[in-house]
Structure formats: structure tokens, C-alpha cells
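Listed here are the chains, written in short residue letters.
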Amino acid sequence: MHCKLNMWVSCLLLVFLSGCVSKIEFDTVTNEYRLAQKQMSVNEEKTKKLELQLQEMQAEKAKFDDQMKILRKEIREKETVISVQGKVIKLLDDSDQTLQKSIEAQIAAQNIKMDAFPSSP
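**Regarding the overall build of the chain**
So, step 1. Helix and strand counts for the chain stand at two helices and zero strands.
So, step 2. Taken across its 121 residues, the chain has 2% of its residues classed as buried.
So, step 3. In the form shown here, the chain has an accessible surface area of approximately 11400 Å², with 64% of it arising from carbon and sulfur atoms.

Listed below in C-alpha cells is the structure:
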């Protein structure tokens with residue numbers, strides 16, 4: 001809409017100038033106007049292409065963001081599993097040590113009982 005308004009203003013300006021200037025000046029202004037119009041069309045096309053590229057990049061970024069969320073969730077889950085496994089290993093290690101001490105204590109108690117009885121010849 002803005003472009004159309006500019007075009008109408010430019011046309012009115014050209015009509016006005018055509019009555020006030022020489023043919024050479026008028027042709028020069030007309031040529032410059034046409035070149036400006038072509039350049040504006042080229043710039044509009046470039047803008048459309050850049051906007052399309054921007055939309056594509058934003059879509060890719062959204063995909064990457066989604067993938068990052070999924071990967072972060074997986075990492076948190078795996079960290080939780082690793083943490084639980086570490087706690088289980090520690091508990092098993094503590095249980096193993098407790099069991100080993102208990103067995104050693106029972107063996108020592110049995111050795112004391114065995115030493116209390118004389119060995120038979």
C-alpha cells in the first residue's frame with residue numbers, strides 16, 4: 001500500500017515536473033525513476049528471499065530446541081539412574097563389609113570354643 005502511494009505521488013510529481021522542465025531533464029528524471037523502481041523491485045525480491053530464509057532458520061532452530069530438550073531430559077534420567085546405582089553399590093558394599101565382619105566374628109567365636117576343648121589324641 002505504501003508502495004502504491006509512493007508510485008501515485010511520483011507520477012503526480014512527474015506530471016507536474018513535465019510542465020516545468022525541459023524534455024532532457026524530464027527524460028533524465030523519468031529514467032532515474034524507472035531505475036529506482038527496478039531497484040526497489042530487486043530489493044523487495046531480496047527481502048522476500050531473506051524473510052523466507054529467516055523462517056526456515058527459525059523452523060530449524062525450533063527443531064534443535066526440541067531435540068535439546070529431549071537430550072537434556074535423557075541426561076537427567078541417566079544421571080538419576082547413575083546416582084541410584086551408586087547408592088545401591090554403596091549399600092551392597094556396606095552390607096558385604098558387615099557380613100564379612102559378622103562371619104569373622106563367628107569364626108573367631110568358634111575358634112575360642114574349639115580352643116576350650118582339648119584336642120583328642
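**Here we look at the pattern of salt bridges**
So, step 1. If you walk through the whole model with that rule in mind, you get one salt bridge.
So, step 2. Among the ionic pairs, aspartate 65 bridges to lysine 61, the shortest N-O distance being 2.9 Å. One end of the pair is aspartate 65 and the other is lysine 61, both in helix H2 (residues 23-116) and four residues apart, which spans about a single turn.
So, step 3. With a relative accessible area of 34%, aspartate 65 lands in the partly exposed category.

Thresholds, definitions, all that
- Residues numbered from 1 in each chain as written.
- Predicted model: local features only at pLDDT ≥ 70, side-chain atom pairs only at ≥ 80, totals over all residues.
- Heavy atoms only, no water.
- Helix = DSSP H or I, 4+ residues; strand = E, 2+ residues; numbered from the N terminus.
- Buried < 20%, exposed > 50% of the residue type's maximum accessible area, 1.4 Å probe, protein only.
- Areas by Shrake-Rupley, 256 points an atom, 1.4 Å probe, with all protein chains shown as cover.
- Salt bridge = Lys/Arg side-chain N within 4 Å of Asp/Glu carboxyl O.

By themselves, these are just geometric observations and shouldn't be taken as functional.
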